[in-house]
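# Reading the structure
As a plain string of letters, each chain reads:
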Amino acid sequence: VELSAGSLGMGISFGIGTQIAARLAGRTYRTYVLTGDGELDEGENWEGFLTGAKYKLDDLTVIVDYNKVQLDGTVDEILPLGELEKKISAFDWNVIECDGHDVNDIIRALDEARQAKGRPNAILAHTIKGKGVSFMENQSAWHGRPPDEKEYERAIAELKGAAL
């Protein structure tokens, strides 16, 4: 991990800079940026989508944790993204969707991104916030609050039950 961005929206811009630097240095490597759908409320991300397309950064892949829940509520309540796949595609990015809870589907999406040429890639990884823990699933309250001891024990019990 080269950067754990502090301010929201910096990841895509950093990834673009990394890929432009690689190109200028004659190096070839892939850059991956992980962001959340709520983070896409920040305008800097959309400037990044425009810039990535301008420079045809096909070694750049942005993975969006597409769970539709953010810090203070759902994405639709806070700032609706609408049809995200169509929006990012309109910025001339190759958009791939996958089940963000299925490792094999994630690998398929990453492989597909590596094969794409001439434009950057965005993987929309559909997930469920708090998946597997009944009282946490799709609840924005758990975005920044740790469970207490009792909640922790209940969550672990539920997750162990799901793994059987």
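This section reports on the structure supplied with the text. This is a predicted model, so every value here is computed, not measured. (Residues numbered from 1 in each chain as written. Predicted model: local features only at pLDDT ≥ 70, side-chain atom pairs only at ≥ 80, totals over all residues. Heavy atoms only, no water.)

### A few points about helix 2 (residues 43-54)
Worth spelling out the cut-off: Numbered from the N terminus, helices here are DSSP runs of H or I no shorter than four residues, and strands are runs of E no shorter than two. Multiply 1.5 Å by the residue count of a helix minus one, and that product is the helix's expected span. Categorising residues by exposure relies on relative accessible area from a 1.4 Å probe, with only protein chains included: less than 20% of the type maximum marks a residue as buried, more than 50% marks it as exposed, and the intermediate range marks it as partly exposed. This arc describes the spread of directions from the helix axis toward the C-beta atoms. Contacts are assigned to residue pairs with any non-hydrogen atoms lying within 4.5 Å of each other.
With twelve residues, helix 2 should cover 16 Å at 1.5 Å per step; its first-to-last C-alpha distance of 17 Å lies within 8% of that length. Along helix 2, the positions that sit buried rather than exposed are N45, W46, G48, F49, G52 and A53. Looking down the long axis of helix 2, one finds its buried residues gathered within 150° of arc, a one-sided arrangement. The outward face of helix 2, more than 90 degrees from its buried face, is lined by the exposed residues E47, L50 and K54. Turning to helix 2, the residues buried within the fold contact helix 1 (10-24) and helix 4 (84-90). Residue K56 follows helix 2 closely and has a positive phi angle near 50°.

### What about the sheet that holds strand 2 (residues 60-66)?
The test is simple: Pairing between two strands requires that DSSP report at least two bridges joining them. Here an axis means a line fitted to C-alpha atoms, over the contact stretch when the element is a helix, while the angle between two N-to-C directions is reported on a 0 to 180 degree scale.
The four strands are arranged 1-2-6-5 in an open sheet whose pairing can be described as parallel. The sheet is open, and its two edges are formed by strand 1 (31-36) and strand 5 (94-99), each paired on a single side. The mean angle between the axes of side-by-side strands here comes to 20°, regardless of whether they run parallel or antiparallel. Strand direction decides the pairing type here: strand 5 and strand 6 (residues 121-126), joined by six bridges, are parallel. The residue of strand 6 that forms the bridge with I96 is I123.

### Brief notes about the nonpolar core
Applied cut-off: Think of a nonpolar core as a cluster: buried Ala, Val, Leu, Ile, Met, Phe, Trp, Tyr and Cys residues, connected wherever their side-chain atoms sit within 4.5 Å.
Of all hydrophobic cores here, the largest spans 20 residues; its most connected members are L40, L84, I88 and W93. Listing elements by their share of this core, those giving two or more residues are helix 1, helix 2, strand 2, helix 4 and strand 6. Counting residues per element, this core draws most heavily on strand 2, at four residues. The residues contacting L84, other than those within four sequence positions of it, are L40, W46, V64, Y66 and L124. Residues C98, A109, L110 and A125 belong to the second largest nonpolar core, which totals seven residues.

### Quick look at the pattern of salt bridges
Condition: For this analysis, a salt bridge means a side-chain nitrogen from Lys or Arg found within 4 Å of a carboxyl oxygen belonging to Asp or Glu.
All chains considered together, the criterion is met by eight salt bridges. Note that R108 and E112 form a salt bridge whose closest N and O atoms lie 3.0 Å from each other. Separated by four residues within a single helix, R108 and E112 lie in helix 5 (residues 103-115), roughly one turn from each other. With relative accessibility at 33%, the residue R108 sits in the partly exposed group. One salt bridge connects R154 with E158, and the closest N-O pair in it is separated by 3.2 Å. Here R154 and its partner E158 are both found in helix 6 (residues 149-163), four residues apart, which amounts to about one turn of the helix. We classify R154 as partly exposed; its relative accessible area is 45%. For E158, a relative accessible area of 22% corresponds to the partly exposed category. The structure contains a network of salt bridges with shared partners spanning D105, R108 and E112.

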